[in-house]
Structure formats: structure tokens, C-alpha cells
Amino acid sequence: MMKFLSDFKKIDVSIVNIMRLGFRFSFILCIFFTYILFLYTLHPFSHVFFDIGYLGVKCSFMFFVSFFVGALVSDKIRKNII
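The residue count restarts for each chain, going from 1 along the sequence in the order it is written. Given that this is a predicted model, residues contribute local features only at a pLDDT of at least 70 and side-chain atom pairs are listed and counted only at 80 or more, while totals for whole chains, interfaces and linings are drawn from all residues. Calculation of side-chain values draws on the structure's entire complement of heavy atoms; hydrogens and water are dropped beforehand.

A. Local environment of the pattern of salt bridges. Put simply, a salt bridge is a Lys or Arg side-chain nitrogen that is within 4 Å of an Asp or Glu carboxyl oxygen. Overall, the coordinates contain two salt bridges when judged by the stated rule. The salt bridge partner of D12 is R78, with a shortest N-O separation of 2.5 Å. Linking D12 in the loop between helix 1 (2–9) and helix 2 (13–42) with R78 in helix 3 (residues 47–81), this pair joins segments that are 66 residues apart in sequence. In DSSP terms, a helix is any run of H or I states spanning at least four residues, a strand is any run of E spanning at least two, and both are numbered starting from the N terminus.

B. The arrangement of helix 3 in detail. Between its first and last C-alpha, helix 3 extends 50 Å over 35 residues, near the 51 Å set by a 1.5 Å rise per residue. Accessible area is worked out with a 1.4 Å probe on protein chains only. A residue is then buried under 20% of its type maximum, exposed over 50%, and partly exposed in between. For helix 3, the full list of buried residues reads G53, G56, V57, S60, A71, L72 and D75. Residue contacts are counted whenever heavy atoms from the two residues lie within 4.5 Å of one another. In this structure, the buried side of helix 3 is in contact with helix 1 and helix 2. By this rule, a helix spans an expected 1.5 Å times one less than how many residues it contains.

C. A look at the packing of helix 2 against helix 3. In this analysis an axis means a line fitted to C-alpha atoms, helices contributing only their contacting stretch, and an angle means the value between N-to-C directions, from 0 to 180 degrees. One can describe the packing of helix 2 onto helix 3 by two numbers: an axis separation of 8 Å at closest approach and a directional angle of 170°. Here helix 3 runs roughly antiparallel to helix 2, going by the angle between their axes. For the contact of helix 2 with helix 3, the class distribution of residues is 22 nonpolar, nine polar and two charged. Note on terminology: angles under 35 degrees are roughly parallel, angles over 145 are roughly antiparallel, angles of 65 to 115 are roughly perpendicular, and the others are oblique. Residues are grouped as follows: Ala, Val, Leu, Ile, Met, Phe, Trp, Tyr, Cys and Pro are nonpolar; Asp, Glu, Lys and Arg are charged; all remaining types, including Gly, are polar.

D. Expanded view of the packing of aromatic side chains. Aromatic contacts are taken between Phe, Tyr and Trp rings whose centres are within 6.5 Å, Trp giving its six-membered ring; a plane angle under 30 degrees counts as stacked, one over 60 as edge-to-face, and the others as tilted. In this structure the tally under the stated criterion is seven aromatic pairs. Aromatic side chains Y40 and F50 sit 5.5 Å apart centroid to centroid with 45° between the ring planes, which places their arrangement in the tilted category. One end of the pair, Y40, is in helix 2; the other, F50, is in helix 3, with 10 residues separating them in the sequence. Centre to centre, the rings of F45 and F49 are 5.2 Å apart; their planes meet at 70°, and the pair counts as edge-to-face. Judged by its relative accessible area of 36%, F49 is partly exposed. Three or more aromatic residues link up through ring pairs in this structure, and these residues are Y40, F50 and Y54.

Here it is, written out as C-alpha cells:
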């Protein structure tokens, strides 16, 4: 676990910037689809809106994890090549 944390602290700055932009994008998507789910709880007139909100939140969490893992992997590849 300590090795993982030390590797995470040593990630290149350019990769960290891209990861942060990805986190912001994922967070904005998650807030948008959470709002859709909130509107569905207030006015449940169609189950399609629930499905859209639920799948959108799942997708935004997957984007979050993908940016995190992608940053770690691309940093490992970059350090091994250089």
C-alpha cells in the first residue's frame, strides 16, 4: 500500500493535469445525471428518465475510475520508456 501511495505521489505533472480535467468532467456529468434522478423523484412520470439518470451516473463513475487508472498506467509506461 505504501508503494502504491508513493507511486501515486510521483506522477508526472502533465498527467496529473489531464487526470484532474477528467475528474472535473466526470463530476460535472455525475451532477447533471443526479439532477435528472432528482427530477424523477419529484415527478415520476416516465421510467425512461430514471434509466437515463441511473446509467449516466454509472457512466460518470466509470469515467472517473478510467481517468484514475489511465493516469497511473500512462505514468508507468512513460517512466519505463524514458
